[in-house]
Amino acid sequence: MPPLLRLQRDPLVVVFTLAGGILVGLIVLAVLSIAVPELADPFHLAGVAGEPGVMESLLLTFLAGFVAVGILGLLGTPLAYLLARNDFSGKAAIEGLIDTPLILPHTVAGLMVYLLFMSRGLIGAPFSRAGFFFEDAFPGIVVAMVFVAIPYYVDGVREGFGTVPVRLEHVARTLGATRWQVITRIVLPLTSRHILSSALVAWGRAIGEFAAVVMIAYFPMVVSALIYQRFATGGIAESRSVAFIMLILCLILFIGIRLLTKRLGRYDDTP
Amino acid sequence: MIRLEGVSLTRGTFSLEGIDLSLSRGEHLFVIGPSGSGKTLLLETIAGIHGDASGKILIMGRDMSGLLPEERGLSLMYQDYSLFPHLTVAENIGFGLTIRGVPGNETATIVDNLVARFGITPLRDRYPASLSGGEKQRVALARALATSPVLLLLDEPFAAIDPMLKSQFIDELGRIRRERDLTILQVSHSREEVYALADRVAVMIDGRVRQVGTCDEVFRSPASREVAIFTGYENILEGVVTSDDRRIHLLVAGGIRIGIPQGTPPGTRMVACIRAADVVLTPEGSHGTGGLRIADGVVASTRNDEHGVSVTVDCGVPIISWFSHREMEQHQWRLGQEVGVLLPSQSVHLFDSDHPEEHLISHS
């Protein structure tokens, strides 16, 4: 009997397939609800894409997302390594703090970012005196994105570091490698897939953020804000076209990076 | 050449306590001990992995204890081999040379020589994931030797190898050591490895070195009750010293009387440690030869293994005797058979119960 038919006779597989199918179906329907009408009217879609502000908004969003992920890579990677390799008092509290953006309403996250980075904020004030502003500016978008994406990056990379046996580091050191060389020659190459995967998820989270971003920087307008503005002022058709363009670009990027990293971190030449 | 003086380290509730050991150049010293006794931690401490260890680690008279692992010139090989999975066999072996800035052509020559010496030339461009356990072991050993370490630290290097190949690899390690005049500190559980390779053995229990000596000294004359138990003394009999008209005995539960030397005060609690292989059985009614009769009992159970048969005799307390398969065929001990238990002279190691590390005497 073919494997598929055998599986169909297993009631557990049938029940689980039905349950999972509802979720998958929900996503498919959601995508189709945007894609079908847009593909049915390509001239309208092309018109919206050509409108002033749309492409700028997409570029701004993607660029801010990349900068946010870059900052997370510089600051979050060392933090993830420390958490993966060390036990210390207060570690659980720090892990809880890192995950805070996951459980907070996004408006609360936005308010926190705003209070810190506004011109009178703890961090924003010294910068504003130097002529560098976060409110309604590109840096404001970036810090909001960084804040909401922290747990997605740090947790993923920490898990990756945890998969590298600490004994590899010990052996490398006895062979003459310094701490830095151990990181660059052993640990990072072995976690590259986790790092890229976590960066991709964090980037996706960052470019999708709305509430936290608009509270500190409604302008320049990121895509999520643009879609909301179009929905509020121009109706469904206007916002749907922008959403569809965003959807297509994100899918291309996600699938492309996944394909590029498919072989990354797999070192097995077994035929 | 290599001396540890009072090396101590605490990890949670476990401590290495005041380890003193020395190795001369070209010596192969084994550290044996039960699981969790701190053997691997000791190797890592010598390698410099745990910077908070105290005490001195002197190599050629130079104190290494303040140096980083990369500055010590030692090599450490774990039982899982810890090969770098993202590097090929050749890159693994050459890692230590590359990282130290040895020129590429020199590194390539050393790697070529090593892969040829270990018979792994066809594997040089393979990744570790596709290697067998034996191949990984060869690569790990070649990698550890590539940097010409002053001391090679081996953590159970044969533990993950197919038993059929183990003796071959043991011989191979012995040959390599002689070829290169290596100084090796090796952790092991295996008496086979120890007898085949060791110049001396250190027994480590609960973070402390309890005895150091040759194989015969450690396995034949344990320095403490713990060492006796670990080195395979199957019969550990606790009793009280008693005296009758002319002789002094250790009276063990079940009425077993083991003769002990004059001078031991009656009432002293003592432990007698006896190897199963030293216990002689004789059929009931036969006087028996080969030792003094200490008890009579009934064969309660037998257990076969690849080397022989353990026979447990119920004498009020169980006493275990051991026979080769050939001896067992001769004697044909049966369950329920009444037997006498005899002990040859010099087969009993006595320890004071209140001071278990004090070895009193070997006697029968």
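See the structure shown above.
Residues numbered from 1 in each chain as written. Chains lettered and ligands numbered in written order. Predicted model: local features only at pLDDT ≥ 70, side-chain atom pairs only at ≥ 80, totals over all residues. Heavy atoms only, no water.

Residues and elements named next belong to chain A. For the pair helix H7 (residues 106-117) and helix H9 (residues 138-162), interaxial distance at closest approach is 10 Å and the crossing angle is 130°. As the angle between them shows, H7 and H9 are arranged oblique. Judged by the sense of rotation from one axis to the other, the crossing of H7 with H9 is right-handed. Contacts between H7 and H9 involve Ala 109, Met 112, Val 113 and Phe 117 from the former and Val 143, Ala 144, Phe 147 and Val 148 from the latter. (Axes fitted to C-alpha atoms, helices over the stretch in contact; angles between N-to-C directions. Helix = DSSP H or I, 4+ residues; strand = E, 2+ residues; numbered from the N terminus. Parallel < 35°, antiparallel > 145°, perpendicular 65-115°, else oblique. Left-handed = near helix turned anticlockwise from the far one by under 90°. Contact = heavy atoms within 4.5 Å.)

All names here are of chain B. Along strand S14 (residues 269-274), five of the six residues are buried, which leaves the element largely enclosed by surrounding structure. Where S14 lies against strand S20 (residues 348-352), five bridges are found, and the strand directions are antiparallel. Pairing of Ala 272 across the sheet is with Leu 350, part of S20. (Buried < 20%, exposed > 50% of the residue type's maximum accessible area, 1.4 Å probe, protein only. Pairing = 2+ DSSP bridges.)

Below, the discussion takes up helix H10 (residues 166-174) of chain A. One turn of the α-helix equals 3.6 residues, which is why residues spaced by three or four share an orientation. For H10 of chain A, the buried fraction is high: seven of the nine residues fall into the buried class. Listed in full, the buried residues belonging to H10 of chain A are Leu 168, Glu 169, His 170, Val 171, Ala 172, Arg 173 and Thr 174 of chain A. The secondary structure elements touched by the buried residues of H10 of chain A are helix H4 (54-85) and helix H11 (179-207) of chain A together with helix H1 (39-47), strand S6 (74-77), helix H2 (89-99) and helix H4 (133-146) of chain B. Downstream of H10 of chain A by a residue or two, Gly 176 of chain A has a phi angle that is positive, lying close to 120°.

Our focus in this paragraph is the interface of chain A and chain B. Contacts between the two partners involve 21 residues from chain A and, on the opposite side, 31 residues from chain B. It is Arg 167, Thr 174 and Leu 175 of chain A in chain A that bury the most area against chain B; as a group they hold 30% of the surface buried on that side. At the junction of chain A and chain B, the tally comes to one salt bridge. In this structure, Glu 70 of chain B and Arg 173 of chain A form a salt bridge, with 2.7 Å as the shortest nitrogen-oxygen distance. (Buried area = accessible area lost by both parts, 1.4 Å probe. Salt bridge = Lys/Arg side-chain N within 4 Å of Asp/Glu carboxyl O.)

The next point concerns the packing of aromatic side chains. Residue and element names in this part refer to chain A. Applying the stated criterion to the full structure yields 13 aromatic pairs over all chains. Judged by centre distance (5.4 Å) and plane angle (85°), the rings of Phe 127 and Phe 134 are edge-to-face. For Phe 134, a relative accessible area of 5% gives the class buried. Among the aromatic residues, ring-to-ring pairing joins Phe 62, Phe 66, Trp 203 and Phe 254 into one connected group. (Phe/Tyr/Trp six-rings, centres within 6.5 Å; stacked < 30°, edge-to-face > 60°.)

Bringing the sheet that holds strand S10 (residues 208-213) of chain B into the picture now. All names here are of chain B. If you walk across this open sheet you meet the six strands as S6-S7-S8-S3-S9-S10, and the pairing is mixed. In this open sheet, the two strands that pair with only one neighbour each are S6 and S10. Shown here is a sheet whose adjacent strand axes are inclined to one another by a mean of 20°, direction ignored. As paired strands, strand S9 (residues 200-205) and S10 are joined by five bridges and run antiparallel to one another.

Right, let's get into the pattern of salt bridges. If you walk through the whole model with that rule in mind, you get 22 salt bridges over all chains. Linking Glu 51 of chain A and Arg 230 of chain A is a salt bridge whose minimum nitrogen-to-oxygen distance equals 2.7 Å. Highlighted residues: Glu 51 of chain A in the loop between helix H3 (42-49) and H4 and Arg 230 of chain A in helix H13 (residues 223-233), separated in sequence by 179 residues. Exposure remark for Glu 51 of chain A: the relative accessible area of 26% places this residue in the partly exposed category. Three or more residues are tied together by salt bridges with common partners; here these are Arg 117, Glu 172, Arg 175 and Glu 179 of chain B.

This paragraph deals with a nonpolar patch on the surface. Residue and element names in this part refer to chain A. Together, Val 24, Val 28, Leu 29, Leu 32 and Val 36 line one region of the surface with nonpolar side chains, adding up to about 450 Å² of accessible area. Structurally, the position occupied by Val 28 is in helix H2 (residues 11-40). For Val 28, a relative accessible area of 42% puts it in the partly exposed group. (Patch = residues over 30% accessible without salt bridge, like charges linked within 9 Å, V, L, I, M, F, W, Y side chains within 5 Å. Areas by Shrake-Rupley, 256 points an atom, 1.4 Å probe, with all protein chains shown as cover.)

Everything listed here is a matter of coordinates, which is why it stays silent on function.
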